[in-house]
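Here is how the chains run, residue by residue.
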Amino acid sequence: MSEVTHIHEHAVGVSHEAHHEGHHHADHGSFLSKYVFSQDHKIIAKQFLITGIFWAVIGGFFSVVFRLQIGFPDAKFPWLETLLGEWAKGGQLQPEAYYALVTIHGTVLVFFVLTAGLSGTFSNFLIPLQIGARDMASPFLNMLSYWFFFAAGIIMLSSLFVQTGPFSGGWTAYPPLSALGDASPGSKIGMDMWMISMALFIVSSLLGGLNYIATILNMRTKGMSMTRLPLTIWAFFFTAVLGVLSFPVLLSGVILLIFDRHFGTSFYLSDIFINGQALPNEGGSAILYQHLFWFLGHPEVYIILLPAMGMVSEILSVNSRKPIFGYMAMVGSMFAIAILAFLVWAHHMFVTGLNPFLGAFFVLLTLLIAVPSAIKVFNWLTTLWKGNIRFTPAMLFAIGFVSLFISGGLTGIFLGNSALDIQLHDTYFVIAHFHIVMGVASMFGMMAGIYHWYPKMFGRYLNNGLGYIHFWITMIGAYVIFWPMHYEGLAGMPRRYYKYDIWESFKQFGTLNQIISIAAIIVFLAQFLFLANFFYSIWKGRKVTSKNPWGANTLEWTTPINPGHGNWDGEIPEAHRWAYDYGKDGQEFISQTTPVGDNESKH
Amino acid sequence: MEMVMGKSSKKMHPHKFLLWIAIGSLTMMFAGLTSAYIVKSNQAGWQPVKVPSIFYVSTVVIIASSITIWMAQKAIVERQMTKYRLLVTATAVLGLIFLITQFTGFSEMWQQKITFKESIAGSFFYVIAGLHALHVLGGITALFVLVLRMFSTRTKFYSSVPVETAGLYWHFVDILWIYLFIFFILVS
């Protein structure tokens, strides 16, 4: 490495925590400073991951409980009463509890698991390692980001234990259910706690997002130009930009909601009767909240999906032993998705009385997203094409992601049409669509990431056999759960209902609902195989013996097997090429740190 | 062992860079609120609210404070520390005066029966301007920290980065206010 890079930056005042942390690699701090209030991005990533896993178990368990109700509406489960008490009087889930579980399931999985658990984990872990930095731009803000998330979690968790129950008006928190304490039991203190928790969560995401952007733009190692970045980093970058620009709008919506709840304003409320009593609120509009909510809500879908896309691109390329197909097209399509994400929010509101003329534009813009999405899908398939594929568990999950993204994406084309949406809105068709394309697909991306980077995180491998069983049960289960919901939705079966027994037309789905519920339980239980594997392997897994077990090109595999705070022992390596030189000039892989040779063919 | 940052002297300071992104983020929040205001103002039953005249004073005061912070930035580069200290204090005081005029304007409106229960336009006004005032308060706190650091006996600060960062933020809340002010006059 050239001596030029040794010039100290103290004079220009750019020194920061990461700088002097680089001098002592083994942290000899106390347990508290090393594992709890750590400012090391790798530890913070693991904190996000394990907290995310905790919430995934809670959110998943809730779905099992309400699936029991949908599949077996007349059965009694005494153990439910033991577990949930008042919520399941006589072994039967109460309607209020059902709505509370649905609401918290949505909130927790969208925000705590697939936003914080996914970008929190992998943006933190991979950004410094893959761009060649010692740590984040501000390790302190990074630590704060985790603790705000933790506090948000504590408050959300406590709201489950208050007497009137947690918020139960749906994860979108539409007023008036969210604005009036008298609207339902869950709208009382439960809703206040939901709002405080979400406000803390927004602060956490903003702190994290600011840091990710600043780090990617400012702290890349020598030679790591933007076009040499692995696609993971591009994905995290666009994710962070989306978050930083859309979460504040949700915050503004929540602020107005707080005023409506507690200070008597009428931003969202008008002409409402509760128990025959007219409320004084006049002139508000609930649609206003929906606009503000979905202006975040739609970008949020891509905040969840983009990190998974980035990691899948990387994993597919590494395990096909082939360069990613169409690198610039991949970056361009992510950019297009990020722009379009802000221009389609009203497709969630086609049936709220939105001007149909305006709706036509939103249909067009929504369907336009199919273009970059299709580009990405074709590029993944062409990356796999004639590859020398290694079917590691990570690779299987990555391929599973592509499968789910195609299946779920195609139904998006149905839903994006405002005319078809008249029939399909708020039915199980929507549930099937967004669970496959956003929920399960991103979960697969996250699993792929965990299986792939586990050796770097913990210096040990996950058990492969368990990984394969985990994959196949989850993959088959996901389709068994969500595929039949398309048929139910086309028949008009509405979502969020506690019971369907008064409709003759939905009786035909009784058995189907039971099958879905049983599949959901099996898939939920299969995740414990993964959990056992995950926690057992941290201490007892097979040890990693080489720096670069997957034969990958990116910089994280040039660090020691168990990197300390500061990541590299010596100098930070320099990047000489892009991250995807696989199978080039007869070499299986060429690390980004290898200088370009004289007789090398162009890439 | 050193960070590899070849051209670091030309790069923006990380704190300032973070602030720029945060400004983008804050802009989105106020854009969300003001577009909500526009949407509502087009609906039936909308009764506009007149901007209190004291808010013209607020505008003048906050523009003046932007000038003083700009002069403070020049002063520290020229190492005129007494002048610098005075100008930063002046900026913070002008900020406080801004807040007082805002509060006076609010109470004037409230007395004219423009309350949360009576007027939606008024409610928007209180929330949006109040949120802006909170951001000004944050800026004042930062300025006071700068002033207090000047009186620290153990360490001396000559770096212009903190005051540049604070100044950037201050200009932002200034421009934000001018935007909100014109917005309220036009849309009302």
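Rules and cut-offs
- Residues numbered from 1 in each chain as written.
- Chains lettered and ligands numbered in written order.
- Predicted model: local features only at pLDDT ≥ 70, side-chain atom pairs only at ≥ 80, totals over all residues.
- Heavy atoms only, no water.
- Core = buried A, V, L, I, M, F, W, Y, C linked by side-chain atoms within 4.5 Å.
- Buried < 20%, exposed > 50% of the residue type's maximum accessible area, 1.4 Å probe, protein only.
- Contact = heavy atoms within 4.5 Å.
- Patch = residues over 30% accessible without salt bridge, like charges linked within 9 Å, V, L, I, M, F, W, Y side chains within 5 Å.
- Areas by Shrake-Rupley, 256 points an atom, 1.4 Å probe, with all protein chains shown as cover.
- Salt bridge = Lys/Arg side-chain N within 4 Å of Asp/Glu carboxyl O.
- Helix = DSSP H or I, 4+ residues; strand = E, 2+ residues; numbered from the N terminus.
- Phe/Tyr/Trp six-rings, centres within 6.5 Å; stacked < 30°, edge-to-face > 60°.
- Lys NZ or Arg CZ within 6 Å of the ring centre and 35° of its normal.
- pLDDT = per-residue confidence, 0-100.

So, the nonpolar core
A:Phe122, A:Trp380, A:Phe401, B:Tyr84 and B:Phe124 are the most contacted members of the largest nonpolar core, which totals 255 residues. Setting aside chain neighbours within four positions, we find A:Phe401 in contact with A:Leu305, A:Ala308, A:Met309, A:Val312, A:Trp380, A:Ala441, A:Ser442, A:Phe444 and A:Gly445.

As for a nonpolar patch on the surface
All names here are of chain A. On the surface, Phe378, Leu381, Ile406, Leu410, Ile413, Phe414 and Leu420 cluster together into a nonpolar patch covering about 620 Å² of accessible area. Those elements that place two or more of their residues in the nonpolar patch are helix H12 (370-384) and helix H13 (393-415). Here the nonpolar patch gets four residues from one element, more than from any other, and that element is H13. Structurally, Phe378 is set in helix H12.

Some details on the packing of aromatic side chains
Residues and elements named next belong to chain A. By the definition in use, this model includes 86 aromatic pairs over all chains. For the pair Tyr174 and Tyr289, a centre-to-centre distance of 6.2 Å together with 85° between the ring planes defines the contact as edge-to-face. One end of the pair, Tyr174, is in the loop between helix H6 (139-159) and helix H7 (189-218); the other, Tyr289, is in helix H9 (residues 286-320), with 115 residues separating them in the sequence. Seen in terms of ring centroids, Phe397 and Tyr451 are 5.5 Å apart; in terms of plane orientation they differ by 15°. Their pairing is stacked. Taken together, the residues span a long stretch of sequence, with Phe397 in helix H13 and Tyr451 in helix H15 (residues 428-458) at a distance of 54 residues. Stacked on the ring of Tyr461, the Lys or Arg Arg542 has its end atom at 4.3 Å from the ring centre.

Notes on the confidence of the model for chain A
Per-residue pLDDT for chain A has a mean of 91; in total, 95% of the residues score no lower than 70. When the criterion is pLDDT under 50, residues 1-26 of chain A qualifies, and its contacts beyond four places in sequence or with other chains add up to 49 contacts.

Section: unusual backbone geometry
What is expected of a backbone is that most residues other than glycine have negative phi and most peptide bonds are trans. Residue and element names in this part refer to chain A. Looking along the chain, the bond that leaves Pro175 and enters Pro176 is cis, with omega of 5°. Its location among the elements puts Pro176 in the loop between H6 and H7. One non-glycine residue, Asn275, lies in positive phi territory at about 50°. With respect to the element layout, Asn275 can be found in the loop between strand S1 (273-274) and strand S2 (277-278).

Notes on the pattern of salt bridges
Residue and element names in this part refer to chain A. In total, this model carries 11 salt bridges over all chains according to the counting rule given. Its salt-bridge partner being Arg495, residue Asp426 comes within 3.7 Å of it at the nearest N-O pair. A residue pair is termed long-range when its members are at least 10 positions apart, and Asp426 in the loop between helix H14 (418-424) and H15 and Arg495 in the loop between helix H16 (464-490) and helix H17 (510-540) qualify at 69 residues. Accessibility expressed as a relative area gives 42% for Asp426, which makes it partly exposed. Exposure remark for Arg495: the relative accessible area of 14% places this residue in the buried category.

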